[in-house]
Amino acid sequence: MHIYKTIDEAVAAVQSYKGLPQDFELRIDEKLVDPLGVNMAILTDAILAKGWWPNGFEDCGGHRRFLYR
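As a starting point, this report considers the structure included with it. (Residues numbered from 1 in each chain as written. Predicted model: local features only at pLDDT ≥ 70, side-chain atom pairs only at ≥ 80, totals over all residues. Heavy atoms only, no water.)

So, on to the overall build of the protein. Tallying secondary structure elements over the protein gives two helices and four strands in all. Mapped in sequence order, the helices and strands of the protein form the string β-α-β-α-β-β. Taking 11 Å as the expected radius of gyration for a compact globule of 69 residues, we find that the protein reaches 11 Å, a close match to that expectation. Referenced to the eigenvectors of the C-alpha coordinate spread, the extents of the protein come out at roughly 25 × 20 × 20 Å. Looking at the protein as a whole, 33% of its 69 residues qualify as buried. A fraction of 61% describes how many contacts in the protein between residues 6 or more apart in sequence connect residues 24 or more apart. For the protein, the accessible area works out to roughly 4400 Å², and carbon and sulfur atoms hold 55% of it. Here the protein holds 8 positive side-chain charges and 10 negative ones, and the gap between their average locations is 4 Å. (Helix = DSSP H or I, 4+ residues; strand = E, 2+ residues; numbered from the N terminus. Rg over C-alpha atoms; globule rule 2.2 N^0.38 Å. Buried < 20%, exposed > 50% of the residue type's maximum accessible area, 1.4 Å probe, protein only. Contact = heavy atoms within 4.5 Å. Areas by Shrake-Rupley, 256 points an atom, 1.4 Å probe, with all protein chains shown as cover. Lys, Arg positive; Asp, Glu negative; His and termini not counted. Charge placed at Lys NZ, Arg CZ, Asp CG, Glu CD.)

Examined bridge by bridge, strand S3 (residues 54–59) and strand S4 (residues 63–68) share four bridges and lie antiparallel to one another. Paired with Glu-58 across the strands is Arg-65, a residue of S4. Turn length for the S3-S4 hairpin, with the two strands adjacent in sequence and antiparallel, is three residues, and the turn residue Gly-61 shows positive phi of about 65 degrees. (Pairing = 2+ DSSP bridges.)

If you walk across this open sheet you meet the four strands as S1-S2-S4-S3, and the pairing is mixed. Strand pairing shows two members of the sheet lacking a second neighbour, strand S1 (3–4) and S3, which therefore form its edges. In terms of strand pairing, strand S2 (residues 25–29) meets S4 through five bridges, oriented antiparallel. When the bridges of S4 are listed, Leu-26 appears paired with Phe-66.

Let us look at a nonpolar patch on the surface. A cluster of nonpolar residues, Leu-36, Val-38 and Ile-42, forms a patch on the protein surface that exposes about 310 Å² of accessible area. With respect to the helices and strands, the residue Leu-36 is situated in the loop between S2 and helix H2 (38–49). With a relative accessible area of 78%, Leu-36 lands in the exposed category. (Patch = residues over 30% accessible without salt bridge, like charges linked within 9 Å, V, L, I, M, F, W, Y side chains within 5 Å. Salt bridge = Lys/Arg side-chain N within 4 Å of Asp/Glu carboxyl O.)

Nothing here speaks to function; it is geometry throughout.
Structure follows, in structure tokens:
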């Protein structure tokens, strides 16, 4: 389990993943969830560019686990 601590690292993980979206989970450090949502907008753009859709998230105490479909 890897927790991404920078938005660039998280976006790179999404862009380089080759499997099915439902087999991918992205764990983001809580500090990346900024009040204006800029980091999450950047990440969502990368997700949508792959043709994926968000499929919920779980707050895991210090990080969030995001799922896709």
